Amino acid sequence: LQDPYQVVLSEEEKKWSLQRKKEWAANSEIIIGLNTGCSPIIPYKKLAINAHRELVLKLSKLEGVKVVLLGGPEDTERNALIAKDLDAVNSPTELGIRDGLASVAACDIVFSGDSLGMHMAIALQKYVVAWFGPTCAHEIELYGRGEKILTAANCSPCWLRTCHKSVMCYDQVNLDEIIQAIERGIHWQTSSSKQLILETFSSPSPL
């Protein structure tokens, strides 16, 4: 395995994170963060808006769960469309990377494409469910804290910045597989294996 990496929050950022956790999960729900976007370099590393809406609907039916939408400034409008009329919290998206880290830190589980949000969650030792389409899943290490979901597209990974296929790779990701992986993440939160894994990677390289 590669050396694990970790990002360290300042005391002020830890306070932001704790406050958000209390606000978002007033009844101590498991917070599932959906990182909805990605950089514009390879724009296909994010699911379609409708797919995210379906995920929110399915996750909202799970007992003891709160869904939070994560992202940056480029995702503000997109997250508003995803959350419309659904039971999901919109996290702040316009306050910079360090503020975004505080939001990710407030989550228990993070679902994301192969993006900065995914790396934030890995570095914060969250349980990560990551999906892969245009990029290579073998290049990412989750350090025993999560699962990888692969597109069914036979052209993956391609690393293309533009694509004109009628059915995109992000449309060939099984949402039920994502839900099942997140459910296993919920179980992991209270399992004895969680502490063992965290102790195994107890000396990460700080970012």
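In this report, the structure presented in the accompanying data block is examined. (Residues numbered from 1 in each chain as written. Predicted model: local features only at pLDDT ≥ 70, side-chain atom pairs only at ≥ 80, totals over all residues. Heavy atoms only, no water.)

Here's the deal with the nonpolar core
And then number 1: Core analysis: the biggest nonpolar cluster contains 29 residues, and Leu34, Leu47, Phe111 and Ile178 have the highest contact counts within it.
And then number 2: Looking at this core, the element that brings in the most residues is helix H6 (residues 175-189), giving six residues.
And then number 3: Apart from residues no more than four positions distant in its own chain, Ile178 is found in contact with Leu47, Leu55, Phe111, Ile149 and Val173.
And then number 4: Grouped together as the second largest cluster of nonpolar side chains are 28 residues, Leu9, Leu101, Phe132 and Tyr143 included. (Core = buried A, V, L, I, M, F, W, Y, C linked by side-chain atoms within 4.5 Å. Buried < 20%, exposed > 50% of the residue type's maximum accessible area, 1.4 Å probe, protein only. Helix = DSSP H or I, 4+ residues; strand = E, 2+ residues; numbered from the N terminus. Contact = heavy atoms within 4.5 Å.)

Here's the deal with the environment of Ile82
And then number 1: Here Ile82 shows up in helix H3 (residues 76-83).
And then number 2: For Ile82, a relative accessible area of 0% puts it in the buried group.
And then number 3: Each C-alpha atom, one on Ile82 and one on Ala51, is 9.0 Å from the other, the two residues being 31 residues apart in sequence.
And then number 4: When neighbours within four sequence positions are excluded, Ile82 is seen to be in contact with Thr36, Ile49, His52, Arg53, Val56 and Leu69.

Examining the packing of helix H1 (residues 11-24) against helix H4 (residues 97-105)
When two helices pack together, their arrangement is given by the angle between the helix axes and by the axis-to-axis distance.
And then number 1: The interhelical angle for the contact between H1 and H4, taken along N-to-C directions, is 45°, at an axis separation of 8 Å. The orientation of H1 with respect to H4, classified from their angle, is oblique. For H1 against H4, the interelement crossing comes out right-handed. Across the interface between the two elements, Glu13, Trp16, Ser17, Arg20 and Trp24 of H1 pack against Arg98, Asp99, Ala102, Ser103 and Ala105 of H4.
And then number 2: Here the contact of H1 with H4 is composed, by residue class, of four nonpolar, two polar and four charged. (Axes fitted to C-alpha atoms, helices over the stretch in contact; angles between N-to-C directions. Parallel < 35°, antiparallel > 145°, perpendicular 65-115°, else oblique. Left-handed = near helix turned anticlockwise from the far one by under 90°. Nonpolar A, V, L, I, M, F, W, Y, C, P; charged D, E, K, R; others polar.)

Honestly, it's all geometry; don't read function into it.
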